[in-house]
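Single-letter residue listing:
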Amino acid sequence: ARTALEPFGYYRAEVRVETETGGEGAYRLRVIVDLGEPVRVAEVQVAVRGPGAAEKDMQEIASVFPLHKGDILLHQSYEQAKWALQARAEDRGYRDARYTAHEIRIDETRSHARIALVLETGERYRFGETTIAGAPDYPDAFLRRYLAFAPGEVYSPAKLAETQRNFRNSERFRGVLVTPEETASPDATVPVIV
C-alpha cells in the first residue's frame, strides 16, 4: 500500500493492518492508511540542448512542463511530459534525441523533490531516397503517389506512419512495410524502404 501511493506523491504514508476473524476460515483484512504530507516539487529544471535547442517549437513544449514549484509530485505527469518532449523532438527530425539527465531527487524528510530533465536533440535528419520493392505490376510513379514525404524533407516518424496508412488504405497490397534505415547516411539523410 505504501509503495502504491508513491506515484501520487505520498512517500511518508503510514499503513496499519488489522486482521479480524469472521468465522471458520474467514478473515477480514483492514488496511488503515494515513497519507501524511505529500512530496511537493521544490525545483524544476527542463532544458533542451543541441542543434534543436533554438527551435521555438522545442522551447515551447519545454516551457509548458506540467509540474511546477509547489505542486504535488505526480509521476504520471512527469512521465507523460518527458515522453511528449522527446516525441516532439523526434517528429521535428531529431531522430537521436535522448535524455542526458532525467531525474527526480526526493528528500522524504523535507517532503520535497527536485526535477532535472535535459534533452540532447542531436543532429536533425532529413528523408533520403526511397526504394519501393515488391510491387512489380505497378509503375514506380504510381506507387510514389502514396508517399507522404519527399527526399530532403525533415525526417518524421508521423510521415512514415502516414505513408504506411496510404499504402494500406489503397487496398491494392496484401502487406506493406515502411522501414527507415537504421543507420543514417553521412549527410544526415535517412533512406526508406517500402
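Here, every reference points to the structure presented above.
So, how was this worked out
Residues numbered from 1 in each chain as written. Predicted model: local features only at pLDDT ≥ 70, side-chain atom pairs only at ≥ 80, totals over all residues. Heavy atoms only, no water. Helix = DSSP H or I, 4+ residues; strand = E, 2+ residues; numbered from the N terminus. Buried < 20%, exposed > 50% of the residue type's maximum accessible area, 1.4 Å probe, protein only. Polar contact = N/O pair within 3.5 Å; in protein donor to acceptor, adjacent residues only side chain to side chain. Contact = heavy atoms within 4.5 Å. Axes fitted to C-alpha atoms, helices over the stretch in contact; angles between N-to-C directions. Parallel < 35°, antiparallel > 145°, perpendicular 65-115°, else oblique. Nonpolar A, V, L, I, M, F, W, Y, C, P; charged D, E, K, R; others polar. Phe/Tyr/Trp six-rings, centres within 6.5 Å; stacked < 30°, edge-to-face > 60°. Lys NZ or Arg CZ within 6 Å of the ring centre and 35° of its normal. Expected span 1.5 Å × (residues − 1). Arc of directions from axis to C-beta. Salt bridge = Lys/Arg side-chain N within 4 Å of Asp/Glu carboxyl O.

Moving on: unusual backbone geometry. Positive phi is not limited to glycine here, since Ser111 has a value of about 55 degrees. Despite not being glycine, Ala188 has its phi angle at roughly 65 degrees, a positive value.

Before going further, it helps to spend a moment on the side chain of Thr121. Secondary-structure assignment places Thr121 in the loop between β5 (112–120) and β6 (126–131). Residue classification places Thr121 among the buried positions, given a relative accessible area of 0%. A polar atom in the side chain of Thr121 sits 2.9 Å from the backbone nitrogen of Gly52. Beyond its immediate chain neighbours, meaning those up to four positions away, Thr121 contacts Val48, Arg49, Gly50, Pro51, Gly52, Ala53, Tyr94, Asp96 and Ala97.

Packing of helix α2 (residues 56–63) against helix α3 (residues 75–91) leaves a shortest axis separation of 10 Å and a crossing angle of 175 degrees. By the angle between their axes, α2 is roughly antiparallel relative to α3. Residues Asp57, Met58, Ile61 and Ala62 of α2 touch α3, and the partners they reach there are Ala84, Leu85, Arg88 and Ala89. Residue classes in the contact of α2 with α3 are distributed as six nonpolar, no polar and two charged.

Turning our attention to the packing of aromatic side chains. Under the defined criterion, the tally for this structure stands at nine aromatic pairs. Taken together through their ring pairs, the aromatic side chains of Tyr138, Phe142, Tyr146, Phe167 and Phe173 make up a single cluster. Sitting over the face of the ring of Tyr99, Lys82 holds its NZ or CZ atom 5.8 Å from the ring centroid. Geometry around Tyr155 places Arg95 over its ring, the cationic atom sitting 5.3 Å from the centre.

In this section: α3. Helix length check: α3, at 17 residues, gives a terminal C-alpha distance of 24 Å against a target of 24 Å (1.5 Å per residue), a fit within 8%. Those residues of α3 that sit buried are Tyr78, Ala81, Lys82, Leu85, Gln86 and Ala89. When α3 is viewed along its axis, its buried side chains cluster within an angular range of 125 degrees and face the same direction. Within α3, the exposed residues directed more than 90 degrees away from the buried face are Gln76 and Trp83. Structurally, α3 contributes buried residues whose contacts are with β3 (40–49), α2, β4 (98–107) and β5. Within two residues after α3, Gly93 carries a phi angle of roughly 100 degrees, on the positive side.

When the charged atoms of two side chains lie near each other, side chains of opposite charge can form a pair. Counting across every chain of the model gives 11 salt bridges. Across the pair Asp107 and Arg110 runs a salt bridge whose closest N-O atoms are separated by 3.9 Å. Asp107 sits in the partly exposed class, given a relative accessible area of 24%. Note that Arg144 is salt-bridged to Asp140, the shortest N-O span being 2.7 Å. Taken as a pair, Arg144 and Asp140 lie in helix α4 (residues 140–144) at a separation of four residues, close to a single helical turn. By relative accessible area, Asp140 is classed as partly exposed at 39%. What emerges from the salt-bridge pattern is a single network uniting Glu55, Asp57, Arg88, Arg92 and Arg124.

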